[in-house]
Amino acid sequence: MIALLVSCGSEPSSSRQQTQPSVQADPPTAVAPPDSGVTPPPLSVLPAGTPPLPTTERPQLQLEAWSESMSDELNIPRAALQAYGYAARAAETSHPGCGLGWTTLAGIGAIESSHGRFNGARLDETGRPSVPIIGLPLDGSHGVKRIDDTDGGRLDGDPVFDRAIGPLQFIPTTWERWASDADGDGVADPHDIDDAALAAAQYLCTVGGDMNDPDRFWAALLDYNESHDYGQDVLDHADHYGKTSRTLSAEGGR
């Protein structure tokens, strides 16, 4: 499962006040499911087995106009919005009836790493942070869960203990199960927000089934991270993103 990101002491998600907060520091308390926001326009989902694509053909760019219309007001980088929107659309194909909205993925991204901007990082146009986002060692100290190394340091750079990695803070074992290549560059990379967003969408839809059902929404979110406070933070941000997006002249559905 995901790194129990708050309870395990992942560095990015434990630093809740980011240098670039998402929308507002304390959005109103929400109830599940969150507002799904302005629906991303229809797009073509990259088929499995597609030969590697150049970054100029990143499929998330289909949402360029949609993300451009909301990015500044929501304070979410364009590349991150494109990743969340594409992942939600892709989940409609892989998990019909799941009903996962891009706003839930955005809520997770906000809490985990301020959408890839933790500690001054910036997302580049391909969805990768300028500085790798790697959490604290999961060594059992200071109330964090102990997870001895499972990947030889290949993903997190730590050959002793596992660490949460990337904008959505996967631990190596979870990434090995849900690894996705959403942008078609031939590499499933947890540091790439395109890949991480699609992996998170697949995870949540598999566990939750119907994310429009409040109980199933919470079941999926608490499986992703067992902290209820964390889940409420995600829900509050997601709902605020959704409601705010509807006040903008965003390109997409209703």
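Quick word on the overall build of the protein
Link 1 in the chain: Within the protein one finds nine helices and zero strands.
Link 2 in the chain: By residue count, 55% of the 254 residues in the protein fall in the buried class.
Link 3 in the chain: For the protein, contacts bridging at least 24 residues in sequence account for 68% of all contacts bridging at least 6.
Link 4 in the chain: Counting every atom, the protein has about 10,400 Å² of accessible surface; 50% of that belongs to carbon and sulfur.

Re the pattern of salt bridges
When the charged atoms of two side chains lie near each other, side chains of opposite charge can form a pair.
Link 1 in the chain: A complete count under the given rule lists twelve salt bridges for this structure.
Link 2 in the chain: Note that D192 and R128 form a salt bridge whose closest N and O atoms lie 3.2 Å from each other. With D192 in the loop between α6 (172-178) and α7 (193-208) and R128 in the loop between α5 (102-113) and α6, the pair connects residues that are 64 residues apart, well separated along the chain.
Link 3 in the chain: On the basis of relative accessibility, which here comes to 22%, the residue R128 falls in the partly exposed class.
Link 4 in the chain: Through salt bridges with shared partners, a single network forms among R128, D185, D189 and D192.

Some words on the nonpolar core
Link 1 in the chain: Counting 55 residues, the largest nonpolar core has Y84, W102 and L204 as the members making the most contacts within it.
Link 2 in the chain: Every element with two or more residues in this core is listed here: α4 (78-94), α5, α6, α7, α8 (214-224) and α9 (228-245).

What about the packing of aromatic side chains?
Link 1 in the chain: What the rule picks out here adds up to four aromatic pairs.
Link 2 in the chain: Centroid distance Y203 to Y224: 5.5 Å. Interplanar angle 85°. Geometry classified as edge-to-face. Of this pair, Y203 sits in helix α7 while Y224 sits in helix α8; the two residues are 21 residues apart in sequence, bridging distant segments of the chain. Of the two residues, Y203 and Y224, both sit in the buried class.
Link 3 in the chain: Each residue in the set W178, Y203 and Y224 is aromatic and connected to the rest through ring pairs, giving one cluster.

Comments concerning α4
Link 1 in the chain: Helix length check: α4 (17 residues) gives 24 Å between terminal C-alpha atoms against 24 Å at 1.5 Å per residue, within 8%.
Link 2 in the chain: For α4, a buried count of 13 out of 17 residues is recorded, marking the element as mostly surrounded by other parts of the structure.

Thoughts on the confidence of the model for the protein
Low-pLDDT portions of the prediction should not be read for the details of their coordinates.
Link 1 in the chain: Per-residue confidence for the protein averages 90 on the pLDDT scale, and 88% of its residues sit at or above 70.
Link 2 in the chain: Predicted confidence for residues 1-11 stays below pLDDT 50, and this span has 50 contacts to residues more than four positions away or in other chains.
Link 3 in the chain: Under a pLDDT of 50 for its full length, residues 13-23 has, in the predicted model, 32 contacts with residues more than four places off or in other chains.

Some details on the packing of α4 against α5
Link 1 in the chain: Orientation of α4 relative to α5, taken along the N-to-C sense of each, is 135°, at an axis distance of 8 Å. In terms of orientation, α4 lies oblique with respect to α5. Pair α4 / α5 crosses with right-handed handedness. Only W102, L105, A106 and G109 of α5 make contact with α4, whose side of the interface consists of L81, Y84, G85, A87 and A88.
Link 2 in the chain: Split into classes, the residues belonging to the contact of α4 with α5 amount to seven nonpolar, two polar and no charged.

Calculation criteria
Residues numbered from 1 in each chain as written. Predicted model: local features only at pLDDT ≥ 70, side-chain atom pairs only at ≥ 80, totals over all residues. Heavy atoms only, no water. Helix = DSSP H or I, 4+ residues; strand = E, 2+ residues; numbered from the N terminus. Buried < 20%, exposed > 50% of the residue type's maximum accessible area, 1.4 Å probe, protein only. Contact = heavy atoms within 4.5 Å. Areas by Shrake-Rupley, 256 points an atom, 1.4 Å probe, with all protein chains shown as cover. Salt bridge = Lys/Arg side-chain N within 4 Å of Asp/Glu carboxyl O. Core = buried A, V, L, I, M, F, W, Y, C linked by side-chain atoms within 4.5 Å. Phe/Tyr/Trp six-rings, centres within 6.5 Å; stacked < 30°, edge-to-face > 60°. Expected span 1.5 Å × (residues − 1). pLDDT = per-residue confidence, 0-100. Axes fitted to C-alpha atoms, helices over the stretch in contact; angles between N-to-C directions. Parallel < 35°, antiparallel > 145°, perpendicular 65-115°, else oblique. Left-handed = near helix turned anticlockwise from the far one by under 90°. Nonpolar A, V, L, I, M, F, W, Y, C, P; charged D, E, K, R; others polar.

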